[in-house]
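Each chain, letter by letter, is given below.
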Protein chains: 2
Amino acid sequence: MADPLSRVFSALADPTRRDMVARLAAADATVNELAEPYDVTVQAVSKHLKVLEDAGLVSRSRDAQRRPVHLEAEVFDLMTKWIERYRRQAEARYQRLDAVLEELKNRPTDRAGRAARADGDDADKGAAS
Amino acid sequence: MADPLSRVFSALADPTRRDMVARLAAADATVNELAEPYDVTVQAVSKHLKVLEDAGLVSRSRDAQRRPVHLEAEVFDLMTKWIERYRRQAEARYQRLDAVLEELKNRPTDRAGRAARADGDDADKGAAS
DNA sequence: CTCGTATTCAACTCATCGGTTGACAAGACC
DNA sequence: GGTCTTGTCAACCGATGAGTTGAATACGAG
């Protein structure tokens, strides 16, 4: 799964990982500190951190044998941008719903869907698996 | 995987699904229309739609044997709220980084991480797997 | 050098995911 | 009533994910 957006979304699709991010938003922490509240092994948490790190959500520095984990908030922008784009688009479409209905009335032989098309903006194309 | 947030994130973790959402933002579409650009079977696309529907991102009405698919933009808010919350928190923390460093200087015997803690806001708690 | 602590690596299990093929249900069309 | 179209359901397959245990690495403290 190469693309960054997929990595970020799927990293946050796990409640444990989301909780870690929430805690890291408050303060940096070591692996052991992070692991403490959950009843899974430290190894499992280490794996979760690797996922978050691969997604760019988190970075680790080095302090003796400790590896403090730090939240990288910038990556959030990647998601918010994607989301906001299509949310706005969908909402705009909702706003002019009456206009669409109007156009459908004018061509009753045509099937739905087709009519409203053609203003399509096909970003993210070719990203299909 | 019960919780709604996980469902939404993981639904959007797939590029094909994300592309469908992008196209649905422009216009409603039938399953076959949606399937056309991808070189997978219609059944696969039907499955993808089920995932999106379970996440609440999409709804289907009935028009004879067709099932027009419609994007439900409201669910996006769930994500944006979550994201914005922790992004803001993390950025605020970044802003007052110098203050934190100051405090660390005052207690040089204490280990990092510990010091910055205790202002923690532990939302989403109990959501851990 | 040895010991304890913090973290990761390796190998394994089990469940879920994305995809397939094949059969089936529901309507429109003749 | 047949048949074509649209869509879903069921069973299966290979890959990946989240978890485990057990061993290895890296470093600081005696």
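Up top you'll find the structure we're talking about.
So, how was this worked out
Sequence order sets the numbering: in each chain, residues are counted from 1 along the sequence as written. As a convention, the first chain written is A and the first ligand written is 1, with the rest following in written order. Per-residue local features are limited, in this predicted model, to residues with pLDDT of at least 70; the limit for side-chain atom pairs, both in listing and counting, is 80 or more; totals at the level of whole chains, interfaces and linings are taken over all residues. Side-chain calculation: all heavy atoms of the structure are included, whereas hydrogens and water are not. Going along the chain from the N terminus, every DSSP run of H or I of four or more residues is numbered as a helix, and every run of E of two or more is numbered as a strand. Note on classification: 1.4 Å probe, protein chains only; a residue is buried when its accessible area is under 20% of the maximum for its type, exposed when over 50%, partly exposed between these limits. In this description, contact between two residues means that some pair of their heavy atoms is separated by no more than 4.5 Å. Values of accessible area rely on a 1.4 Å probe in the Shrake-Rupley scheme; residue burial ignores everything except the protein chains shown. Only buried residues count toward a nonpolar core. Its members are Ala, Val, Leu, Ile, Met, Phe, Trp, Tyr and Cys residues joined through side-chain atoms within 4.5 Å. Nearness is judged by heavy atoms alone; a residue qualifies as near a molecule or strand once a single heavy atom is within 4 Å of it. For this analysis, a polar contact is any N or O atom pair within 3.5 Å, provided that within protein one partner can donate a hydrogen and the other can accept it, and provided that sequence-adjacent residues contribute only side-chain to side-chain pairs. As a working rule, the residues Ala, Val, Leu, Ile, Met, Phe, Trp, Tyr, Cys and Pro are called nonpolar, Asp, Glu, Lys and Arg charged, and the rest polar, with Gly in that last group. Here a Phe, Tyr or Trp ring, Trp counted by its six-membered ring, pairs with any other such ring whose centre lies within 6.5 Å, and the pair is stacked when the planes are under 30 degrees apart, edge-to-face when over 60, and tilted otherwise. Each axis is a line fitted through C-alpha atoms, and for a helix only the stretch in contact is used; angles between axes span 0 to 180 degrees, taken between their N-to-C directions. Angle categories are assigned with fixed cut-offs, so that under 35 degrees is roughly parallel, over 145 is roughly antiparallel, 65 to 115 is roughly perpendicular, and the rest are oblique. The crossing is said to be left-handed when, going from far helix to near helix, the turn is anticlockwise and less than a right angle, and right-handed when the turn is clockwise. Helix span is expected to be 1.5 Å times the residue number reduced by one. Positive charges are assigned to Lys and Arg, negative charges to Asp and Glu, while His and the chain termini are left out of the count. In the sections that follow, a salt bridge refers to a side-chain nitrogen of Lys or Arg positioned within 4 Å of a carboxyl oxygen of Asp or Glu.

Visitor: Describe the overall build of chain A, with residues and values.
Guide: Helix and strand content of chain A: six helices and two strands. From first element to last, N terminus to C terminus, chain A shows the α and β order α-α-α-α-β-β-α-α. Each of the 129 residues in chain A was classed as buried or not, and the buried ones make up 42%. A fraction of 47% describes how many contacts in chain A between residues 6 or more apart in sequence connect residues 24 or more apart. Just so you have it, chain A exposes about 7,100 Å², and 50% of that area is on carbon and sulfur atoms.

Visitor: Help me get a handle on the nonpolar core, residues and values and all.
Guide: Soluble, globular proteins show a tendency: their nonpolar side chains are buried together. Counting residues in each nonpolar core, the largest one holds 64 residues, and the members touching the most others are Phe9(A) and Phe9(B). Discounting chain neighbours no more than four positions away, the residues touching Phe9(A) are Met79(A), Trp82(A), Ile83(A), Phe9(B), Leu12(B), Ala13(B), Arg18(B) and Met79(B).

Visitor: Describe in detail the protein's contact with DNA strand C, supporting the description with residues and values.
Guide: Near DNA strand C, the surroundings consist of 22 residues, among which Asn32(A), Ser46(A), Thr41(B), Lys47(B) and His48(B) are the closest. Counting only the atoms of DNA strand C that lie within 4 Å of the protein, the sugar and phosphate share comes to 66%. Interatomic distance of 2.8 Å between a side-chain N/O atom of Asn32(A) and a phosphate oxygen of DNA strand C. Take His48(B): an N or O atom from its side chain is 2.2 Å from a phosphate oxygen of DNA strand C. For the surface near DNA strand C, the elements supplying multiple residues, two or more each, are α3 (31–35) and α4 (42–54) of chain A together with α4 (42–54) of chain B. A per-element tally of the surface near DNA strand C places α4(B) first, with four residues.

Visitor: Mind laying out the protein's contact with DNA strand D, listing which residues take part and the relevant values?
Guide: Neighbouring DNA strand D are 22 residues, the closest being Thr41(A), Lys47(A), His48(A), Asn32(B) and Ser46(B). For DNA strand D, the backbone portion of the atoms within 4 Å of the protein, that is sugar and phosphate, comes to 69%. In this structure, a phosphate oxygen belonging to DNA strand D sits 2.7 Å away from a side-chain N or O atom of Thr41(A). In this structure, Val31(B) approaches DNA strand D through a main-chain N or O atom, which is 3.4 Å from a phosphate oxygen. Elements with a contribution of two residues or more to the surface near DNA strand D: α4 of chain A together with α3 (31–35) and α4 of chain B. Residue contributions to the surface near DNA strand D peak at four residues, all from α4(A). Its residues assigned to classes, the surface near DNA strand D shows five nonpolar, 10 polar and seven charged.

Visitor: If you had to explain the packing of aromatic side chains to someone new, which residues and values would you point to?
Guide: In the structure shown here, the tally under the stated rule is five aromatic pairs over all chains. Aromatic side chains Phe9(B) and Trp82(B) sit 6.0 Å apart centroid to centroid with 80 degrees between the ring planes, which places their arrangement in the edge-to-face category. With Phe9(B) in helix α1 (residues 4–11) and Trp82(B) in helix α5 (residues 75–95), this pair connects stretches of sequence that are 73 residues apart. Residue classification places Phe9(B) among the buried positions, given a relative accessible area of 0%. By relative accessible area, which is 7% here, Trp82(B) ends up buried. What links up through ring pairs into an aromatic cluster is the set Phe9(A), Trp82(A), Tyr86(A), Phe9(B), Trp82(B) and Tyr86(B).

Visitor: Tell me about the packing of helix α5 (residues 75–95) of chain A against helix α2 (residues 15–26) of chain B, residues and numbers included.
Guide: Following both chains from N to C, one finds α5(A) and α2(B) inclined at 30 degrees, their axes separated by 7 Å at the closest point. Looking at the two axes, α5(A) sits roughly parallel to α2(B). Regarding α5(A) and α2(B), the two cross each other, and that crossing is left-handed. Taken together, the residues of α2(B) that come into contact with α5(A) (itself represented by Trp82(A), Tyr86(A), Gln89(A), Ala90(A) and Arg93(A)) are Arg18(B), Val21(B), Ala22(B), Leu24(B), Ala25(B) and Ala26(B). Classifying every residue of the contact of α5(A) with α2(B) by side-chain character gives eight nonpolar, one polar and two charged.

Visitor: Describe α5(A), listing the residues and the values that go with them.
Guide: Its 21 residues place the ends of α5(A) 31 Å apart at the C-alpha level, agreeing with the 30 Å of an ideal helix rising 1.5 Å per residue. By the burial criterion, the buried members of α5(A) are Val75(A), Phe76(A), Met79(A), Thr80(A), Trp82(A), Ile83(A), Glu84(A), Tyr86(A), Arg87(A), Gln89(A), Ala90(A) and Arg93(A).

Visitor: Hey, could you go over the side chain of Arg17(A) for me, with residue numbers and the actual values?
Guide: All names here are of chain A. Mapped onto the elements, Arg17 comes out in helix α2 (residues 15–26). Asp14 provides the closest opposite charge to the buried, salt-bridge-free Arg17, at an N-O distance of 4.4 Å. Excluding residues within four positions of it along the chain, Arg17 makes contact with Ser10, Ala11, His48, Val51 and Leu52.

Worth remembering: the numbers are spatial, not functional.
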